[in-house]
Amino acid sequence: MDLIVMKFGGSSVADAERIHRAARRAIQTQQQGHHVVMVVSAMGKTTDNLINLAKQITDNPSKRELDMLLTTGEQVSISLMAMAIQSAGQQAISLTGGQIGLITEPIHTKARIKSIERERIQRELEDGKIVIVAGFQGVDESGEIFTLGRGASDTTAVALAAVLEAKHCEIYTDVDGVYTTDPRIVPNARKIEHISYDEMLELASLGAKVMHSRAIEFGKKYNVDIHVRSSFTDNPGTWITHEVSQMEQIVVSGATLKRDLAQFVLPGLPNRTGVAASVFTHVAEHRVVVDDIIQTFDESGHASISFTVEHGDLAEGKLVVDEIKKQYDLKGIVCRDPVAKVSVVGVGMRSHTGVAETMFRALAEAKVNINAITTSEIKISCLIDPADAEKALRAVHDAFELDKPNNR
Ligand code: ADP
Ligand code: ASP
Ligand code: MG
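### Focus: the overall build of the chain
A tally of helices and strands in the chain yields twelve helices and 18 strands. Expected size for 408 residues packed as a compact globule is a radius of gyration near 22 Å; at 22 Å, the chain falls within 12% of this value. Counting only C-alpha atoms, the chain reaches 75 × 50 × 35 Å along its principal axes. A buried classification covers 52% of the 408 residues belonging to the chain. With the model as given, the accessible surface of the chain reaches about 18,500 Å², and the carbon-plus-sulfur share is 49%.

Quick look at the structure:
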């Protein structure tokens, strides 16, 4: 019998009625002849509320205790889900990350998955149960509890689909698929039927929070087809798979916004071999995750390095920058907080010209100043003032006519 992994996000299990609805979907899938593994997030805004609660106790909660606190959210929703399935007369069991043997690296609040055992889940499935796994959590080899980063229930789901060799992974959420941009900000955003892992990975890393980027990495590496769809309708959603040939014809497939960034600028570094390596040794030692890096140099023998980090890493980033400041006796370090980033993504950029020109012109016409530019083969990003963020996103989305199915 084949297996389907069904992941339900926070809004899809926000109250008792929605939990029953998700339970019915899982039962239906099982009755169609599949084994079903569900991955469930914490109910509604539970994770945010738990973080706020911690902040009421202290400004600087220890990351270990935060992980201990946050994993309770998923423990509530998985047990309620199991009760909902049982109350409908079917067998189900809820399991935490530790109970299924999901082993992580020992890095609190942003651990990566090292391995997942199959035995427990398979045993329960063979018994005819629907298995409900807590998203976004695991344990290290010593049994300590870790979380995988905000939004990472998607990653739990796709990683499980990979390990269990699922037919595919279904991601149930509060939108009916992946759109050309966030439909809450740009109402004429269009649903995409099919998108490649590479494009979705860029969109997710650049702010399209509909999927967690590490989930897409797993999907790509282990060939898991991912179907992102609404938990409130039966409409088909968006398939995320390997690239198919006609995708190249679309130059830009989506636009994104990231607002939770801060930028450090370190001017006056010596322009010599090994300086960037030494700067980023400090960054790595503090386990700060860096977004974009830009280095420039001038004729006077100096280099300037700037890098962006997400807000969660801002306090740690400041400590890092202090160390670098002391080491190189730097003056005039700048921390811009917050900054926003607007990006366009598309595999077709590899073979088309004029994309940068269209993007920069759209921002100019919308009177949005660009503070920094970074590019890859399939994306262009501009750092901008957060006050301009939504205007910039709309301008770029319009300029590439992303609302039209045959945009250029
Ligand atoms: P869940 O709780 O189900 O994991 P999330 O809130 O993490 O759901 O993700 C869904 C949200 O992602 C949507 O409500 C939407 O506002 C936002 N979003 C951002 N970019 C996109 C996009 N390109 N397509 C669809 N939704 C997007
Ligand atoms: N509950 C966690 C969060 O809100 C994980 C998830 O929903 O994916 O970030
Ligand atoms: Mg999510």
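That covers the picture; the talk isn't over yet.
### So, the site of ligand 1
The local shell around ligand 1 holds 17 residues, among which Thr173, Asp174, Tyr179, Asp182 and Arg184 are the closest. Note that an oxygen atom of ligand 1 is positioned 3.2 Å from one of the backbone N or O atoms of glycine 10. Between ligand 1 and the protein, one listed contact pairs an oxygen atom with a side-chain N or O atom of threonine 173 at 2.7 Å. When ligand 1 is considered free in solution it has 570 Å² of accessible area, and contact with the protein chains removes 88% of it.

### Points about the site of ligand 2
Around ligand 2 lies a shell formed by Ser41, Ala42, Thr47, Glu74, Phe136, Arg150, Gly151, Ala152 and Ser153. Between ligand 2 and the protein, one listed contact pairs an oxygen atom with a backbone N or O atom of glycine 151 at 2.8 Å. In this structure, an oxygen atom belonging to ligand 2 sits 3.0 Å away from a main-chain N or O atom of serine 153. Protein contacts shield 86% of the accessible area of ligand 2, which totals 260 Å² for the unbound molecule. The residue makeup of the shell around ligand 2, split by class, is three nonpolar, four polar and two charged.

### Considering the pattern of salt bridges
In total, this model carries 25 salt bridges according to the counting rule given. A salt bridge links arginine 64 to glutamate 144, with the nearest nitrogen and oxygen atoms 2.8 Å apart. Placement of arginine 64 in helix H3 (residues 63-87) and of glutamate 144 in the loop between strand E7 (137-139) and strand E8 (145-147) is noted, with a sequence separation of 80 residues between them. For arginine 64, a relative accessible area of 31% corresponds to the partly exposed category. The partner of glutamate 390 in a salt bridge is arginine 259, and the shortest N-O contact between them spans 3.1 Å. Of this pair, glutamate 390 sits in helix H12 (residues 389-399) while arginine 259 is found in strand E13 (residues 254-270), placing the two residues 131 residues apart along the sequence. Judged by relative accessible area, which is 31%, glutamate 390 ranks as partly exposed. Exposure remark for arginine 259: the relative accessible area of 39% places this residue in the partly exposed category. Each of Lys258, Asp291, Asp292, Glu310, Lys341 and Lys379 takes part in one network of salt bridges that share partners.

### Side note on the nonpolar core
The biggest cluster of nonpolar side chains holds 50 residues, and the ones touching the most others in it are Val37 and Ile226. Considering every element that reaches this core, the biggest residue donor is helix H6 (residues 153-163), with six residues. When neighbours within four sequence positions are excluded, valine 37 is seen to be in contact with Leu3, Ile4, Val5, Met6, Ile121, Leu125, Val131, Val133, Leu160 and Leu164. Counting 25 residues, the second largest nonpolar core, distinct from the first, contains Val186, Val251, Leu393 and Ala395.

### Quick notes on the packing of aromatic side chains
Under the criterion given, the structure shown has four aromatic pairs. With centroids separated by 6.1 Å and ring planes inclined at 20°, the aromatic side chains of phenylalanine 218 and tyrosine 222 adopt a geometry described as stacked. Separated by four residues within a single helix, phenylalanine 218 and tyrosine 222 lie in helix H8 (residues 213-222), roughly one turn from each other. Measuring from centroid to centroid gives 5.6 Å for phenylalanine 280 and phenylalanine 307, while their planes differ by 65°, and the two rings are edge-to-face. With phenylalanine 280 in helix H9 (residues 275-285) and phenylalanine 307 in strand E15 (residues 302-310), this pair connects stretches of sequence that are 27 residues apart. Exposure remark for phenylalanine 280: the relative accessible area of 19% places this residue in the buried category. Every member of this aromatic cluster is reached through a ring pair, and the members are Phe264, Phe280 and Phe307.

### A look at H3
With 25 residues, H3 extends 37 Å from end C-alpha to end C-alpha; this agrees with the ideal 36 Å at 1.5 Å per step. Among all positions of H3, only Leu66, Asp67, Leu70, Thr71, Gly73, Glu74, Ser77, Ile78, Met81, Ala82, Ala84 and Ile85 are buried. Among the residues trailing H3, glycine 89 stands out with phi positive, at a value near 90°.

Procedures and definitions
Per chain, the residues get numbers from 1 upward, laid out in the order the sequence is written. Chains and ligands are labelled sequentially in the order written, the chains with letters from A and the ligands with numbers from 1. In view of the model being predicted, local features appear only for residues whose pLDDT reaches at least 70, and side-chain atom pairs are presented and counted only at 80 or more, with totals across whole chains, interfaces and linings using the full set of residues. Hydrogens and water molecules were not included; the side-chain quantities draw on all heavy atoms of the structure. Going along the chain from the N terminus, every DSSP run of H or I of four or more residues is numbered as a helix, and every run of E of two or more is numbered as a strand. In this treatment the radius of gyration is a C-alpha quantity, and the globule benchmark scales as 2.2 Å times the residue count to the 0.38 power. A 1.4 Å probe rolled over the protein chains alone gives each residue an accessible area, and that area as a share of the maximum for its type sets the label: buried under 20%, exposed over 50%, partly exposed in between. Each accessible area is a Shrake-Rupley estimate made with a 1.4 Å probe; only the visible protein chains count as cover when residues are assessed. Residues are labelled near a given molecule or strand when at least one of their non-hydrogen atoms is within 4 Å of it. For the purposes of these results, a polar contact is taken to be a pair of N or O atoms within 3.5 Å, where, inside protein, one atom must be able to donate a hydrogen and its partner to accept one; residues adjacent in sequence count only when each atom of the pair is a side-chain atom. All amino acids are sorted into three groups, where Ala, Val, Leu, Ile, Met, Phe, Trp, Tyr, Cys and Pro are nonpolar, Asp, Glu, Lys and Arg are charged, and the leftover types, Gly among them, are polar. A side-chain nitrogen of Lys or Arg and a carboxyl oxygen of Asp or Glu constitute a salt bridge if their distance falls within 4 Å. Here, nonpolar core means buried Ala, Val, Leu, Ile, Met, Phe, Trp, Tyr and Cys residues that are tied together by side-chain atoms lying within 4.5 Å of each other. Note on contacts: a residue pair qualifies if any of its non-hydrogen atoms lie within 4.5 Å across the two residues. Pairs were defined over the aromatic rings of Phe, Tyr and Trp, the Trp ring being its six-membered one, requiring ring centres within 6.5 Å. Orientation was assigned from the angle between planes: stacked under 30 degrees, edge-to-face over 60, tilted for the rest. Helix span, expected: 1.5 Å multiplied by one less than the number of residues in the helix.

The analysis is restricted to geometry; functional conclusions fall outside its scope.
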